[in-house]
Amino acid sequence: MTTSTAPATPVETTVRYQRGDFLFATARRALLAQGSVAAVTDTDPRRLARTVAEELTGSGVPLAVGTLPFDTGPDTTTPGHLVLPRTVHRAQAEASTGAAPAAEDLPAPTLTREVPSEEGHKANVRAAVAALRDRGLRKAVLARALELEFSSSVPVEKIVRNLARGNPRHFTYAAELPGGRTLVGATPELLLSRAGDSVFTTPHAGSMPRSADPVADRANGEALLASAKDQEEHAVVIDYVVEALRPFCRKLDVPPAPELVSTPAIWHLRTAITGELVDRSVTALDLAAALHPTPAICGTPTAAARDLVQELEPFDRGYYAGSVGWVDAAGDGEWAVAIRCAEVADTSMRLYAGGGIVPASDPQAEFDETIAKFRTLLGAMGLV
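Residues numbered from 1 in each chain as written. Predicted model: local features only at pLDDT ≥ 70, side-chain atom pairs only at ≥ 80, totals over all residues. Heavy atoms only, no water.

What counts, and what does not: UniProt positions are given in the numbering used here, feature names are shortened, and annotations may be inferred rather than shown by experiment.
The protein chain has the name isochorismate synthase in an unreviewed UniProt entry, where Amycolatopsis carbonis is given as its organism. For the record of the protein chain, the UniProt heading Sequence similarities (unreviewed entry) holds the text "Belongs to the isochorismate synthase family."

If you want it as structure tokens, here you go:
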């Protein structure tokens, strides 16, 4: 952990995201954090939450921002990483992220690699379906990566602004990672928010690509809502979230069925769950640590699903399918699921997309789902 003496100052003004900042924005509001008073890293998310709460107490710093990795198991080597920023800006999202540049302002990649290939991913889906039966799993989530290389530095600021403007229903985020990479994305899924004793979460599970044809598009949405496979996938996630929150809440309000929601690229099934905390000392980061990883991005049972994911995927997820957000000194905060994202280095980036595998999963449909999900980032880059 590194420290300095100058406290962070909340600022109500208009500023623009620059690489190195932390951004967490919706269509209604944006949080932009700059600089670092202290940084806290830990591979144990629950211990990380305790340390962050201690650092915030009496420090004069209003909040901490950062990321949790996908793998928070006992053997992980990838730490959660939070920063107590020097300056915090709150403003309208569009004012903070700036106007979207023209797509032609963004460079085209000089090299593209799919990891794994189409056939490799389909083989992984078939292996996962077999493993569900053999290992007693209800669900596993498999991802693919798209690796892009450029002849010049990746214009992170432009990509972030395009993400914010093109995905107004999403949480657009950008966070610096240990080692100098930047995690950027626009996720539709709120892991949880806490305000006082109120808890809110919107688990997403079950997906179908959008169509440019309005009739076909609506049919896709209706097919998703009627899909037994996707309803099963969604129910697995809701069961997990309810059981994870139950020890912390005196009451939970869980709708009897999911609702159909859309992003520019994907139809989703979503359930909005509200709860009331028993103990206000439980912070938003405590709750994020308790919930993550949900079956929406890992599978269930968690440990066995995580093992299967790591066996089949030919890469380390790092902070993809982790969580990104903020927590303040009062314990309030918001944490989103870090999907529809990329890790960006200087002249390269790796995009991620995945889908939930249940016994009824079809390899071709699962591959097509990853292609649709890549469009969030590729669209912000002017590549689709």
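Structure's up, so let's keep going.
**A word on helix α6 (residues 228–245)**
Our working rule: Starting at the N terminus, helices and strands are each numbered in turn, a helix being any DSSP run of H or I of at least four residues and a strand any DSSP run of E of at least two. The span you would expect from a helix comes to 1.5 Å times its residue count less one. Partly exposed describes any residue whose relative accessible area lies between the buried limit of under 20% and the exposed limit of over 50%, with all areas from a 1.4 Å probe on protein chains only and scaled to the type maximum. Two N or O atoms count as a polar contact when they lie within 3.5 Å, although within protein this holds only if one can serve as hydrogen donor and the other as acceptor, and sequence-adjacent residues are included solely when both atoms are side-chain atoms.
The end-to-end C-alpha separation of α6 is 26 Å, in line with the 26 Å expected for 18 residues at 1.5 Å each. Of all the positions in α6, only Lys229, Asp230, Glu233, His234, Val236, Val237, Ile238, Tyr240, Val241, Val242, Ala244 and Leu245 are classed as buried. By the N-cap criterion, in which a side-chain oxygen at the helix start approaches the backbone nitrogen of a residue two or three places on, α6 is capped by serine 227, the distance to lysine 229 being 3.4 Å.

**Considering the packing of α6 against helix α7 (residues 284–291)**
When two helices pack together, their arrangement is given by the angle between the helix axes and by the axis-to-axis distance. Applied cut-off: With axes taken as lines fitted to C-alpha atoms, and helix axes fitted only over the stretch in contact, angles between N-to-C directions fall between 0 and 180 degrees. Throughout, the term roughly parallel applies to angles under 35 degrees, roughly antiparallel to angles over 145, roughly perpendicular to angles from 65 to 115, and oblique to all others. Handedness of each helix crossing follows the sense of rotation of the near helix against the far helix: counterclockwise by less than a right angle gives left-handed, clockwise gives right-handed. A contact between two residues is defined here by any heavy atoms of the two lying within 4.5 Å.
The geometry of α6 relative to α7 is characterised by a closest axis approach of 9 Å and an angle of 135 degrees between their N-to-C directions. In terms of orientation, α6 and α7 fall into the oblique class. The element α6 and its partner α7 pack so that their crossing is right-handed. Facing α6, whose interface residues are Tyr240, Val241, Ala244 and Leu245, α7 presents Leu287, Ala290 and Leu291.

**A word on the environment of alanine 372**
Among the structural elements, alanine 372 can be located in helix α9 (residues 363–380). Sequence separation between alanine 372 and serine 207 is 165 residues; the distance between their C-alpha atoms is 9.9 Å. The residues contacting alanine 372, other than those within four sequence positions of it, are Pro209, Ala265 and Ile266.

**Quick notes on the UniProt feature "domain: Chorismate-utilising enzyme C-terminal" (unreviewed entry) in the protein chain**
Feature annotation in UniProt assigns "domain: Chorismate-utilising enzyme C-terminal" (unreviewed entry) to the following positions: residues 118–373. Along residues 118–373, the helical share is 35% and the strand share 33%, with 15 Å between the first and last C-alpha atoms.

**Some words on unusual backbone geometry**
Geometrically, the link from valine 115 to proline 116 is a cis peptide bond, its omega value of -5 degrees lying close to zero. Residue position: proline 116 is located in the loop between β8 (111–115) and α3 (118–135). Here the amide bond leading from threonine 300 into proline 301 is cis, since omega sits at -5 degrees, within 30 degrees of zero. For proline 301, the location among the structural elements is in the loop between β19 (299–300) and α8 (302–312). Not every positive phi belongs to a glycine, and alanine 321 is a case in point at roughly 65 degrees. Among the secondary structure elements, alanine 321 is positioned in the loop between α8 and β20 (323–328). A positive phi is found at arginine 340, a non-glycine position, where the angle reads about 50 degrees. Assignment of secondary structure puts arginine 340 in the loop between β21 (333–337) and β22 (341–344).

**Brief notes about the state of the cysteines**
We count it as follows: Throughout, a disulfide means two cysteine sulfur atoms within 2.5 Å of one another.
In the structure shown here, the tally under the stated rule is 0 disulfides. Its sulfur unpaired, cysteine 298 is 15 Å from the next cysteine sulfur, which belongs to cysteine 341.

**A look at the packing of aromatic side chains**
Each aromatic ring pair is specified by the distance between its two centres and by the angle formed by the two planes. The criterion, for reference: Classification of ring pairs uses Phe, Tyr and Trp, with its six-membered ring standing for Trp, and accepts pairs whose centres are within 6.5 Å; under 30 degrees between planes counts as stacked, over 60 as edge-to-face, and the remaining range as tilted. Both a distance and an angle decide whether a charge sits over a ring: NZ of Lys or CZ of Arg must be within 6 Å of the ring centre and within 35 degrees of the ring normal.
Scanning the entire structure with this criterion turns up 3 aromatic pairs. Each ring, one from tyrosine 320 and one from tyrosine 352, has its centre 4.6 Å from the other, and the planes form 5 degrees; the classification is stacked. In this pair, tyrosine 320 sits in the loop between α8 and β20 while tyrosine 352 sits in strand β23 (residues 348–357), placing the two residues 32 residues apart along the sequence. On the basis of relative accessibility, which here comes to 4%, the residue tyrosine 320 falls in the buried class. Grouped by ring-pair contacts, the aromatic residues Phe315, Tyr320 and Tyr352 constitute a single cluster. Over the face of the ring belonging to tryptophan 267 we find arginine 210, whose NZ or CZ atom lies 4.6 Å from the ring centre. Above the plane of the ring of phenylalanine 70 lies arginine 317, whose end atom (NZ or CZ) is 4.3 Å from the centre.

**Focus: the pairing of strand β16 (residues 259–262)**
The following threshold applies: For two strands to count as paired, DSSP must find a minimum of two bridges between them.
Here β16 runs beside strand β17 (residues 266–270); their pairing, made up of 4 bridges, is antiparallel. Counterpart to leucine 260 in the pairing with β17 is leucine 269. The antiparallel pairing of β16 with β17 creates a hairpin that spans 3 residues between the two strands.

**Observations concerning the nonpolar core**
Here is a general trend for soluble globular proteins: nonpolar side chains tend to be buried in one another's company. Test applied: In this text, buried Ala, Val, Leu, Ile, Met, Phe, Trp, Tyr and Cys residues form a nonpolar core when linked through side-chain atoms within 4.5 Å.
Membership of the largest hydrophobic core comes to 70 residues, with the highest contact counts inside it found for Val52 and Leu285. If one sorts the elements of this core by residue count, α6 sits on top with 7 residues. Those residues within four positions of leucine 285 in sequence are excluded, and the remaining contacts are Leu48, Ala49, Val52, Leu68, Leu82, Val327 and Trp335. In this structure, Ala30, Leu163, Leu351 and Leu378 belong to the second largest nonpolar core, which totals 27 residues.

**Overview of the side chain of arginine 194**
Along the polypeptide, arginine 194 turns up in strand β12 (residues 190–195). Residue classification places arginine 194 among the buried positions, given a relative accessible area of 4%. There is a polar contact of 3.1 Å between the side chain of arginine 194 and the backbone oxygen of glycine 196. One polar contact links the side chain of arginine 194 to the main-chain carbonyl oxygen of glycine 331, over a distance of 3.3 Å. Those residues in contact with arginine 194 that sit more than four places away from it in its chain are Val199, Leu277, Arg280, Val282, Thr283, Ala284, Leu287, Ala330, Gly331, Asp332 and Gly333.

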